[in-house]
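Take a look at the letters that make up each chain.
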Amino acid sequence: MKTLIENIGRLLQVEEAGKCRPYVCGADMQKLPSIENAYLLVEDDVIKAFGPMAEMPSEEEADEVVDVDGRMVLPAFCDGHTHVVYAGSREIEYIDKIKGLSYEEIAKRGGGILNSAKLLHDTSEDELFEQSLVRVHEMMEKGTGAADIKSGYGLSVEDELKMLRVIRRLKAEVPMTIRANFLGAHAVPAAFKGRQGEYVDLICSEMIPAVAAEGLAESIDVFCDKGFFTVEETRRMLEEGRKYGLVGKIHANELDVSGGVQVGVEMGALSVDHLERTTEREIECLRGSGTIPTMLPGTSFFLGLPYGNARGMIDAGLPLALASDYNPGSTPSGDMKFVVSLACINMKLIPEEALNCVTLNGAAALGLASTHGSIAVGKRANVIVTTKIPDIEFIPYAYTTNVIEAVMLNGKFI
């Protein structure tokens, strides 16, 4: 099946085959390579060719021709941090937040992650799948073509496996590219209160082997932060996961400067995420490491936390990514366009930088930069067709306006 998209006003984030970047960093993030008055040829699920309209192949070579009449086309968003497999919702805690309770105070009262764990335990796998499927479709309609989806609301062998099996079913059901992430170390369950070390033992001796035995995850994550898991515990769990082929990712520095960035770099983590609170030490540690710093501005927006030092990281030459953190407690939204707006408004990124963060760098944070995140021959045909907008600045500027007219995933419009 060949699909020819013609009369593209501006084709964004283009790369030459053989010259594709693993990510974009520093001052280069101010550039978004593009072609005006362009075409894009898709064959099956990959990009076959693209270029100026003057070089477009004959329409007769295509099975389908789509005239976008001057609209823009860009790569689908790559969301490197989500928790969309969960049961129910936590709007009562939202009211607690309005009344002034902090994230940590709600967690100490048995709310937060532990509340979601109880709801998930009481929900069947089929019902959990149906609830999660609705959220994944919402993400795709808003332009997301690839995402990390974590477990972490199970906190027991049985329930963590249930979550990961739901993620496996989602992979088979939808065209969005999904990377499954085992996050047994999301919190210490109530049954292990005062016995955190024993819960870490359970993760290492039972959960990780069980996850690996069924091939349920590509990566392993740990919440390394104040009140959660220590640097030493994090190192141990990532080391154990690595024995089973699980790539490390870390929640770090959301609540405090935790050492999570340093242990992530030490362990070769694919990304270190959150980073609402960082110092120059974290920036220096990340420099040249290959670990992608990933910030979640939706979390700062919803919880009233500081926005991470995105400007400082980019100015230091780092390859910053942005993700949604879609979850029931701290960021009940998977709208990556809104993430771009928040980055521009509150982190002072220019639109080109923010779009680099959610396309190529987002793909890098997923380990998918060779196949996703840019328009290049041979890459996955995951693209967004905008509405008629004046230029890319309009995307973050019109922060509640739907600027997405169509989404193509795996070479087919959804």
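In case you missed it, the structure is sitting above this.
The text that follows walks through the structure, step by step, so that each part is easy to find. Model, not experiment: these values are computed from the prediction. (Residues numbered from 1 in each chain as written. Predicted model: local features only at pLDDT ≥ 70, side-chain atom pairs only at ≥ 80, totals over all residues. Heavy atoms only, no water.)

## Here we look at the sheet that holds strand 10 (residues 247-252)
Spatially, 6-7-8-9-10-11-12-13 is the arrangement adopted by the eight strands of the open sheet, whose pairing is parallel. Of all the strands in the sheet, just strand 6 (77-82) and strand 13 (321-322) have a single pairing partner and so form its edges. Bridging between strand 9 (residues 219-224) and strand 10 involves six bridges; their strand directions are parallel. Pairing of aspartate 221 across the sheet is with lysine 249, part of strand 10. Lying over the sheet, helix 5 (residues 157-173) contacts strand 7 (144-150) and strand 8 (177-185), oriented at roughly 175° with respect to strand 8. (Pairing = 2+ DSSP bridges. Helix = DSSP H or I, 4+ residues; strand = E, 2+ residues; numbered from the N terminus. Contact = heavy atoms within 4.5 Å. Axes fitted to C-alpha atoms, helices over the stretch in contact; angles between N-to-C directions.)

## Considerations on the state of the cysteines
A full pass over the atoms with the stated rule returns zero disulfides. Cysteine 344 forms no disulfide, and the closest cysteine sulfur to it belongs to cysteine 357, at a distance of 9.1 Å. For cysteine 344, a relative accessible area of 16% translates into the label buried. The exposure class of cysteine 357 is buried, given its relative accessible area of 0%. (Disulfide = S-S within 2.5 Å. Buried < 20%, exposed > 50% of the residue type's maximum accessible area, 1.4 Å probe, protein only.)

## Some points on the packing of aromatic side chains
Tallied over the entire structure, the rule returns five aromatic pairs. Here phenylalanine 394 and tyrosine 397 contribute two aromatic rings whose centre-to-centre distance is 5.8 Å and whose plane-to-plane angle is 55°, an arrangement assigned as tilted. Linking phenylalanine 394 with tyrosine 397, this pair stays in helix 15 (residues 394-397), spanning three residues, or about one helical turn. Here a set of aromatic residues connected by ring pairs shows up, and it is made of Phe192, Tyr199 and Phe229. The positively charged end of arginine 169 is found above the aromatic ring belonging to phenylalanine 129, 4.3 Å away from the centroid. If you follow arginine 195 out to its NZ or CZ, it ends over the ring of phenylalanine 192, 4.8 Å from the centre. (Phe/Tyr/Trp six-rings, centres within 6.5 Å; stacked < 30°, edge-to-face > 60°. Lys NZ or Arg CZ within 6 Å of the ring centre and 35° of its normal.)

## Quick word on empty space enclosed by the protein
Applying the stated rule across the entire model yields five cavities of 30 Å³ or more. As for the second largest cavity, its lining consists of Leu74, Phe77, Lys337, Leu355, Ile384, Ile395, Val403 and Ile404. Here the residues of the lining of the second largest cavity sort into seven nonpolar, no polar and one charged. (1 Å grid on protein atoms, 1.4 Å probe; cavity = no way out; pocket = protein on both sides within 12 Å on 5 of 7 lines; lining within 4 Å. Points joined across faces, edges and corners; volume = space filled by probe spheres on them. Nonpolar A, V, L, I, M, F, W, Y, C, P; charged D, E, K, R; others polar.)

## Concerning the packing of helix 4 (residues 125-141) against helix 5
Two numbers describe how helix 4 lies on helix 5: the axes approach to 10 Å, and their chain directions differ by 50°. By the criterion of interaxial angle, the relationship of helix 4 to helix 5 is oblique. In this structure, the crossing between helix 4 and helix 5 has a hand that is right-handed. Contacts from Glu125, Asp126, Leu128, Phe129, Ser132, Leu133 and Val136 in helix 4 reach Lys162, Met163, Arg165, Val166, Arg169, Leu170 and Glu173 in helix 5. Along the lines of polarity and charge, the residues of the contact of helix 4 with helix 5 split into seven nonpolar, one polar and six charged. (Parallel < 35°, antiparallel > 145°, perpendicular 65-115°, else oblique. Left-handed = near helix turned anticlockwise from the far one by under 90°.)

## Points about a negative patch on the surface
Residues Glu59, Glu60, Glu61 and Asp67 make up a contiguous surface patch of negative charge. Considering the arrangement of structural elements, one finds glutamate 59 in the loop between strand 3 (46-52) and strand 4 (64-67). (Patch = residues over 30% accessible without salt bridge, like charges linked within 9 Å, V, L, I, M, F, W, Y side chains within 5 Å. Areas by Shrake-Rupley, 256 points an atom, 1.4 Å probe, with all protein chains shown as cover. Salt bridge = Lys/Arg side-chain N within 4 Å of Asp/Glu carboxyl O. Lys, Arg positive; Asp, Glu negative; His and termini not counted. Charge placed at Lys NZ, Arg CZ, Asp CG, Glu CD.)

## Considering the nonpolar core
With 99 residues, the main nonpolar core has Leu170, Met176, Phe182, Phe229, Leu320, Leu322 and Leu349 as its most contacted residues. Among the elements that line this core, the one with the most residues is helix 6 (residues 196-213), at nine residues. Residues within four places of leucine 322 in sequence aside, it is in contact with Cys78, Thr294, Met295, Pro297, Met336, Val339, Ala343, Met347, Ala354, Cys357 and Val358. Ranked by size, the runner-up nonpolar core spans 18 residues in total, among them Ile8, Ala38, Val66 and Val68. (Core = buried A, V, L, I, M, F, W, Y, C linked by side-chain atoms within 4.5 Å.)

## Focus on helix 12 (residues 336-346)
Counting buried residues along helix 12, nine of its eleven residues qualify, which places the element largely inside the surrounding structure. The set of residues buried in helix 12 consists of Met336, Lys337, Phe338, Val339, Val340, Ser341, Leu342, Ala343 and Cys344. Residues of helix 12 that are buried in the fold lie against strand 6, strand 7, helix 10 (297-303), strand 13, helix 13 (351-358) and helix 15. For helix 12, the side-chain oxygen to backbone nitrogen distance between the N-cap and lysine 337 is 3.1 Å, and the N-cap itself is aspartate 335. One or two positions beyond helix 12, positive phi appears at lysine 348, with a value near 65°. (Polar contact = N/O pair within 3.5 Å; in protein donor to acceptor, adjacent residues only side chain to side chain.)

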